[in-house]
Amino acid sequence: MPVMIIIGLLYILSGFLIKKGSKAGISIGVVSAIVNVIWFAGYANSVYTAVQPVFPHKFHPSLFLGALLMSGIIICLYPIYYLISFRKIDISA
């Protein structure tokens, strides 16, 4: 949870810097987007390894992995959009 708060604060800082016309804002946003995707991969792995032994016969692994995939799409959609859209923007300072 603290990692997500820090990533969110970096997105806010990035937005303010981009609004002012700073190229550093785009760099901060790209780094926070990459960290966001990496964080989710680690989070998904830790959740899977923690929940699987507790409920070994309750959930089929494909159901659990499908839920992780759907939440990954929802959580990582903005960072991936951010990475794609800000590659095209040129801020002339």
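What you see is a predicted model; the values in this text were computed from it and never measured.

Visitor: An account of the overall build of the protein is requested, with residue identities and associated values reported.
Guide: A count of helices and strands for the protein gives three helices and zero strands. When the helices and strands of the protein are read in sequence order from the N terminus, they spell out α-α-α. Looking at the protein as a whole, 22% of its 93 residues qualify as buried. Here the contacts in the protein between residues at least 6 apart in sequence split such that 68% fall between residues at least 24 apart.

Visitor: Outline the packing of helix H1 (residues 2-20) against helix H2 (residues 23-54), supporting the account with residue identities and numerical values.
Guide: Where H1 contacts H2, the two axes come as close as 8 Å, and the packing angle between them is 160°. Considered as vectors, H1 and H2 are oriented roughly antiparallel to each other. The handedness of the crossing between H1 and H2 is left-handed. Note on element contacts: H2 touches H1 through Gly25, Ile26, Ile28, Gly29, Ser32, Ala33, Val35, Asn36 and Trp39, opposite Val3, Met4, Ile7, Leu10, Tyr11, Leu13, Ser14, Leu17 and Ile18. In terms of residue class, the contact of H1 with H2 is built from 13 nonpolar, five polar and no charged.

Visitor: Would you mind going over the packing of aromatic side chains in detail, with residue names and values included?
Guide: All chains considered together, the criterion is met by two aromatic pairs. Centroid distance tryptophan 39 to tyrosine 43: 5.0 Å. Interplanar angle 10°. Geometry classified as stacked. Of this pair, tryptophan 39 and tyrosine 43 both sit in helix H2, four residues apart, which is roughly one turn of the helix. Note on tyrosine 43: relative accessible area 39%, which makes it partly exposed. Centroid distance phenylalanine 40 to tyrosine 43: 6.4 Å. Interplanar angle 45°. Geometry classified as tilted. In this pair, phenylalanine 40 and tyrosine 43 are both assigned in helix H2, three residues apart and thus about one turn of the helix distant. The exposure class of phenylalanine 40 is buried, given its relative accessible area of 8%. Here the aromatic residues Trp39, Phe40 and Tyr43 are joined through ring pairs into a cluster of three or more.

Visitor: Describe a nonpolar patch on the surface, naming the residues involved and giving the relevant values.
Guide: Among the surface-exposed residues, Ile5, Leu9, Ile12 and Phe16 lie close enough to one another that they form a single nonpolar patch of about 430 Å² accessible area. Positionally, isoleucine 12 belongs in helix H1. Residue isoleucine 12 is classed as partly exposed on the basis of its relative accessible area, which comes to 49%.

Visitor: Break down H1 for me, citing the residues and quoting the values.
Guide: Since the α-helix advances by 3.6 residues per turn, residues separated by three or four positions end up pointing in the same direction. The terminal C-alpha atoms of H1, which comprises 19 residues, lie 27 Å apart, in line with the 27 Å expected from a rise of 1.5 Å per residue. Looking at the buried positions of H1, the neighbouring elements they touch are H2 and helix H3 (61-85). Just downstream of H1 lies glycine 21, where phi reads positive at about 95°.

Thresholds, definitions, all that
Residues numbered from 1 in each chain as written. Predicted model: local features only at pLDDT ≥ 70, side-chain atom pairs only at ≥ 80, totals over all residues. Heavy atoms only, no water. Helix = DSSP H or I, 4+ residues; strand = E, 2+ residues; numbered from the N terminus. Buried < 20%, exposed > 50% of the residue type's maximum accessible area, 1.4 Å probe, protein only. Contact = heavy atoms within 4.5 Å. Axes fitted to C-alpha atoms, helices over the stretch in contact; angles between N-to-C directions. Parallel < 35°, antiparallel > 145°, perpendicular 65-115°, else oblique. Left-handed = near helix turned anticlockwise from the far one by under 90°. Nonpolar A, V, L, I, M, F, W, Y, C, P; charged D, E, K, R; others polar. Phe/Tyr/Trp six-rings, centres within 6.5 Å; stacked < 30°, edge-to-face > 60°. Patch = residues over 30% accessible without salt bridge, like charges linked within 9 Å, V, L, I, M, F, W, Y side chains within 5 Å. Areas by Shrake-Rupley, 256 points an atom, 1.4 Å probe, with all protein chains shown as cover. Salt bridge = Lys/Arg side-chain N within 4 Å of Asp/Glu carboxyl O. Expected span 1.5 Å × (residues − 1).

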